[in-house]
Amino acid sequence: MKGISYGWDTLRRLSLGAAVCAAMMALLSPLPANAQNDPDPGRFAEEIVAFEQWDLKNTIPERPVLFTGSSSIRLWQTGVYFPDLPVVNRGFGGSHISDVNFYLERAVVKYAPRAIVFYAGDNDIAGGKTPERVLEDYKVFVARIHAHRPEADIFFIPIKPSLARWALWPQMLRANVMIAEFSATSPRLHYIDVATPMLGVDGTPRPEFFLEDGLHLNRDGYDLWAQIARPQLLQVLNQRSGGRWSGH
């Protein structure tokens, strides 16, 4: 499968159509009263403790490339797809960006990452949060990371168009476009468009990339993500290291 490049014109055209759809959907399906409330981050307390216990028993790579976010990160076999990089996977399924922010010191900052690959926002929109809220929460994430590690590169994996949550795609796409624009404001922020190639010629999600639940990726889905993300990640890492990345 050949890699595909998608420019701003494509994103903006999709966003315009999505904005019209979102406005119509908002009239038909108003957000719940508590849509802007964060879920209780305590529901992940055991998972965070499990990360910490694992760390006590294993060697952690120095200045790793850290993958964090929700289940699309947790289920990604990052060690298999990026065997030559010092990766650490700290995704926890069902999380919102607010959850990642809550556990930032314990699940991200403590590893002193040289780069972070981030996927979240999917559950946020499904939980009733607005695209604007997703952007603001991501800005908080970025600001807090760069307060600790100003040299860290952050790669945003956009919210995916899925079969199960297709009705929410207009809001998800709007969040993606706003975060892509935000990422363009800093050389340390990067937007990797793995979302657009997941759409077929008819503009709907390609079912061959999903498990039976229509939400989570199968192997073909992760193959696509890695094919697009890996060269962009390596390019930046090599620029920062002054040469071909050696994995050290």
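Before any of the text, the structure's been laid out above.
Analysis parameters
Residues numbered from 1 in each chain as written. Predicted model: local features only at pLDDT ≥ 70, side-chain atom pairs only at ≥ 80, totals over all residues. Heavy atoms only, no water. Core = buried A, V, L, I, M, F, W, Y, C linked by side-chain atoms within 4.5 Å. Buried < 20%, exposed > 50% of the residue type's maximum accessible area, 1.4 Å probe, protein only. Helix = DSSP H or I, 4+ residues; strand = E, 2+ residues; numbered from the N terminus. Contact = heavy atoms within 4.5 Å. Salt bridge = Lys/Arg side-chain N within 4 Å of Asp/Glu carboxyl O. Polar contact = N/O pair within 3.5 Å; in protein donor to acceptor, adjacent residues only side chain to side chain. Axes fitted to C-alpha atoms, helices over the stretch in contact; angles between N-to-C directions. Left-handed = near helix turned anticlockwise from the far one by under 90°. Nonpolar A, V, L, I, M, F, W, Y, C, P; charged D, E, K, R; others polar.

(A) Main features of the nonpolar core. Grouped together as the largest cluster of nonpolar side chains are 70 residues, with contacts concentrated most on W76, Y138, F141, I145 and W225. With 10 residues, the top contributor of residues to this core is helix α10 (residues 219–241). Ignoring anything within four residues of it in the chain, the contact list for I145 reads L104, V108, V109, I116, P150, A152 and I154.

(B) How the structure looks around the pattern of salt bridges. Inspection of the entire model under this criterion finds 17 salt bridges. Across the pair K139 and E136 runs a salt bridge whose closest N-O atoms are separated by 3.8 Å. Taken together, the residues K139 and E136, both in helix α8 (residues 131–148) and 3 residues apart, mark about one turn of the helix. Judged by its relative accessible area of 31%, K139 is partly exposed.

(C) Just the side chain of S98, in detail. When you line up the elements, S98 lands in helix α5 (residues 97–102). Side chain to side chain, S98 and K129 meet in a polar contact 3.3 Å long. Apart from the residues lying within four places of it in its own chain, the contact partners of S98 are D38, P39, D124, K129 and D137.

(D) Fine view of the packing of α8 against helix α9 (residues 169–183). Where α8 meets α9, the axes come as close as 8 Å, and the angle between the chain directions of the two elements is 35°. The hand of the α8/α9 crossing is right-handed. Each of P131, E132, V134, L135, Y138, K139 and V142 in α8 lies in contact with α9, whose residues at this interface are Q171, R174, A175, M178, I179 and F182. For the contact of α8 with α9, a count of residues per class yields 9 nonpolar, 1 polar and 3 charged.

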